[in-house]
Amino acid sequence: MAVQWKKISLFVVVVFVLYVIITDPAKAADYVQIGFEGVSSAAQSIGDFMTWVANGGKD
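Residues numbered from 1 in each chain as written. Predicted model: local features only at pLDDT ≥ 70, side-chain atom pairs only at ≥ 80, totals over all residues. Heavy atoms only, no water.

A.B. asks: Just to check I follow, could you spell out a nonpolar patch on the surface for this structure?
C.D. replies: Side chains of Leu10, Val13, Val14, Phe16, Val17, Leu18, Tyr19, Ile21 and Ile22 sit close together on the surface and give an oily, nonpolar patch of about 920 Å² of accessible area. Along the chain, the position of valine 13 falls in helix H1 (residues 2-23). (Patch = residues over 30% accessible without salt bridge, like charges linked within 9 Å, V, L, I, M, F, W, Y side chains within 5 Å. Areas by Shrake-Rupley, 256 points an atom, 1.4 Å probe, with all protein chains shown as cover. Salt bridge = Lys/Arg side-chain N within 4 Å of Asp/Glu carboxyl O. Helix = DSSP H or I, 4+ residues; strand = E, 2+ residues; numbered from the N terminus.)

Spelled out as structure tokens, the structure:
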């Protein structure tokens, strides 16, 4: 039963994404840019943390 809900949820998400892309491509591009900026910021923060750890936790 859980697999069925996963399939339905994935279908709904795909339909929503396609709807947004088709009806307002500029807004869809903004959403993608926001997503990439978020991923980039998270990767930068992880890199900063790993550098801090490698330096022995010193400021």
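A.B. asks: I'm lost on the environment of isoleucine 21 in this one. Help?
C.D. replies: One can find isoleucine 21 in helix H1. Using a relative accessible area of 43% as the deciding quantity, one classes isoleucine 21 as partly exposed. (Buried < 20%, exposed > 50% of the residue type's maximum accessible area, 1.4 Å probe, protein only.)

A.B. asks: Is there a simple way to explain the packing of H1 against helix H2 (residues 25-54) in this structure?
C.D. replies: For any two helices packed against each other, one specifies the inter-axial angle together with the distance between the axes. Remark: H1 packs on H2, axes separated minimally by 5 Å, with the N-to-C direction vectors making an angle of 125°. One element, H1, and the other, H2, form an angle in the oblique class. Contacts between H1 and H2 pair Val20, Ile21, Ile22 and Thr23 from the former with Pro25, Ala28 and Tyr31 from the latter. Partitioned by chemical class, the residues of the contact of H1 with H2 number six nonpolar, one polar and no charged. (Axes fitted to C-alpha atoms, helices over the stretch in contact; angles between N-to-C directions. Parallel < 35°, antiparallel > 145°, perpendicular 65-115°, else oblique. Contact = heavy atoms within 4.5 Å. Nonpolar A, V, L, I, M, F, W, Y, C, P; charged D, E, K, R; others polar.)

A.B. asks: How should H2 be read in this particular structure?
C.D. replies: Each α-helix winds once per 3.6 residues, and so residues spaced three or four apart point in a common direction. Relative to the 44 Å expected for 30 residues at 1.5 Å per residue, H2 spans 43 Å between its end C-alpha atoms, a close match to the ideal helical length. Of the residues trailing H2, glycine 56 is marked for its positive phi of about 85°. (Expected span 1.5 Å × (residues − 1).)

A.B. asks: Sorry, what's going on with the environment of phenylalanine 36 here?
C.D. replies: Among the structural elements, phenylalanine 36 can be located in helix H2. As a C-alpha pair, phenylalanine 36 and isoleucine 22 span 14 residues in sequence and 20 Å in three-dimensional space.

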